[in-house]
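A look at the structure
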Amino acid sequence: MVLQLLATGAAMGFVYCLVAIEYSLIWNSCQLLNFAHTQLIMLGAYIFGGTFVLGLGASYLLGAAGALAVMAVVSLLLAALVFIPLKDVPRLYAIIATLMVGTIITESCNFLWGYFPLSLTGYLSGVVRIGNVVLARVYLYIVAVAIVVIVALTCFMKLTKTGKAMRCVAENKSMSAMVGINVRANMMVTITISCLICALVGILTVPLFSISTTMSTTIATKGFVAAVFGGFGSIPGAVVGGVLLGIIENLATIYVDAVYKDVISFFVLIIVILIKPSGICGASKASLRGRKTSLLRRKEELAR
């Protein structure tokens, strides 16, 4: 029983970690809390299932590719019209703006695809038995895709010129501009990657929640908790926080009724905020001071 709970918890934790990565990317890029990510996940699912699969009769693979392509265009528009301009306004107004963007997306989905949930018969259905553990087939796809995304994103950020520039922009935008990095272009790349991850989450979770305007509310909230748990803004922290959160909430059902499983995440959030607000992989105040001093020295060297 414990092994079964560990396996399903870890699998669901990979969903949380993908959402947490999305939060971290937007935060590092724009210093903005994206409260429209719930609707972006939902939008990716609607475009995939409602338009390409059910509407155009495309295969699941072709539908996923089409949905990602459409979401890339949507993300560029959101980056240019919403997220990048919002980085210069007070944070409260920026949060309100992202909430309004989410409302617009929700009402647009209701208008385009109707108010009733959509389902895809046979999509990632079935179960897989590994020893005494029985897993829904969709969980294996979730884990596999999440691992590919995490590895690809890590390699991209560390090995490519664009990825290194994105890390510089996340660290210090003004100094990045001083050394010739196109800050705006890098922010658009980061936001596009973030929105594509949202679309992937929506596509992968269709078998678990069907396609509706409320399908991503729970996982998006838990993704935020996972981001805080692991260390807000840290991509390795997002992975650790997401997987641990999934395992913790599943194991908690041994002691509490499964109905209250979702409450466990909020207890974890409160405990983390009280004990270690920086999260598991978050930087301590001392390291942040050291990083700030190092950045100031580099800036002085450039000025000379």
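These numbers were taken from a predicted model, which means no experiment stands behind them. (Residues numbered from 1 in each chain as written. Predicted model: local features only at pLDDT ≥ 70, side-chain atom pairs only at ≥ 80, totals over all residues. Heavy atoms only, no water.)

**Brief notes about the UniProt feature "transmembrane region" (unreviewed entry) in the protein chain**
Residues given the UniProt feature "transmembrane region" (unreviewed entry) here are residues 6-28, 40-61, 67-86, 93-118, 138-157, 185-211, 223-247 and 259-275. Span residues 6-28 is 100% helix and 0% strand, its end C-alpha atoms 31 Å apart. Along residues 138-157 one finds 100% helix and 0% strand; the C-alpha atoms at either end are 28 Å apart. (UniProt positions renumbered as here; feature names shortened; annotations may be inferred. Helix = DSSP H or I, 4+ residues; strand = E, 2+ residues; numbered from the N terminus.)

**Looking at the layout of surface pockets**
Within this model, the second largest pocket holds a volume of roughly 210 Å³. What lines the second largest pocket is simply Phe48, Tyr60, Leu61, Ala64, Leu68, Tyr123, Leu124, Tyr141, Val145, Leu200, Ile203 and Leu204. Every element with two or more residues in the lining of the second largest pocket is listed here: helix 3 (60-86), helix 5 (137-159) and helix 8 (183-204). In terms of residue count, helix 3 provides more of the lining of the second largest pocket than any other element does, four residues in total. (1 Å grid on protein atoms, 1.4 Å probe; cavity = no way out; pocket = protein on both sides within 12 Å on 5 of 7 lines; lining within 4 Å. Points joined across faces, edges and corners; volume = space filled by probe spheres on them.)

**Topic: the environment of Ile84**
Relative to the helices and strands, Ile84 resides in helix 3. The exposure class of Ile84 is buried, given its relative accessible area of 3%. Setting aside residues no more than four positions away along its own chain, Ile84 makes contact with Ala79, Arg184, Met187, Met188 and Ile191. (Buried < 20%, exposed > 50% of the residue type's maximum accessible area, 1.4 Å probe, protein only. Contact = heavy atoms within 4.5 Å.)

**Some details on the side chain of Thr205**
By secondary structure assignment, the location of Thr205 is in the loop between helix 8 and helix 9 (206-209). In terms of polar contacts, Thr205 uses its side chain to reach the backbone carbonyl oxygen of Val201, at 2.7 Å. Setting aside residues no more than four positions away along its own chain, Thr205 makes contact with Val15, Ser210, Met215 and Ile219. (Polar contact = N/O pair within 3.5 Å; in protein donor to acceptor, adjacent residues only side chain to side chain.)

**Observations regarding helix 8**
Spanning 22 residues, helix 8 covers 32 Å between terminal C-alpha atoms, matching the ideal 32 Å at 1.5 Å per step. A large share of helix 8 lies buried, amounting to 18 of its 22 residues. Measuring from the side-chain oxygen of the N-cap residue of helix 8 to the backbone nitrogen of Arg184 gives 3.4 Å; that N-cap residue is Asn182. (Expected span 1.5 Å × (residues − 1).)

**Things to note about the environment of Ile147**
Following the sequence through the fold, Ile147 ends up in helix 5. Take Ile147: its relative accessible area is 40%, and that puts it in the partly exposed class. Sequence spacing of Ile147 and Gly50 is 97 residues, and the spatial spacing of their C-alpha atoms is 27 Å.

**A short note on the nonpolar core**
Counting residues in hydrophobic clusters, the biggest one holds 93 residues, and the most contacted among them are Ile21, Phe48, Ile191, Ile197, Val201, Val206 and Ile211. For this core, the element with the highest residue contribution is helix 1 (residues 2-30), accounting for 15 residues. Every residue in contact with Ile21, bar those within four places of it in the chain, is listed here: Ile150, Leu153, Ile197, Ile235, Ala238 and Val239. (Core = buried A, V, L, I, M, F, W, Y, C linked by side-chain atoms within 4.5 Å.)

**Thoughts on the packing of aromatic side chains**
Summed over the entire model, instances satisfying the criterion amount to eight aromatic pairs. Aromatic pair Tyr23 and Phe224: ring centres 5.3 Å apart, planes at 65°, arrangement edge-to-face. Here the residue Tyr23 occupies a position in helix 1, and Phe224 occupies one in helix 10 (residues 217-230), the gap between them amounting to 201 residues. Residue Phe224 is classed as partly exposed on the basis of its relative accessible area, which comes to 22%. Ring centres of Trp27 and Phe232 lie 5.6 Å apart, and the angle between their planes is 80°; this geometry places the pair in the edge-to-face category. Of this pair, Trp27 sits in helix 1 while Phe232 sits in the loop between helix 10 and helix 11 (235-251), and the two are 205 residues apart along the sequence. Exposure remark for Phe232: the relative accessible area of 26% places this residue in the partly exposed category. (Phe/Tyr/Trp six-rings, centres within 6.5 Å; stacked < 30°, edge-to-face > 60°.)

**Considerations on the pattern of salt bridges**
Here the structure, examined in full by the defined rule, presents one salt bridge. Residue Lys222 pairs with Glu249 through a salt bridge whose shortest N-O separation is 3.1 Å. Taken as a pair, Lys222 in helix 10 and Glu249 in helix 11 lie far apart in primary sequence, 27 residues in all. Side by side, Lys222 and Glu249 carry an identical accessibility label, which is buried. (Salt bridge = Lys/Arg side-chain N within 4 Å of Asp/Glu carboxyl O.)

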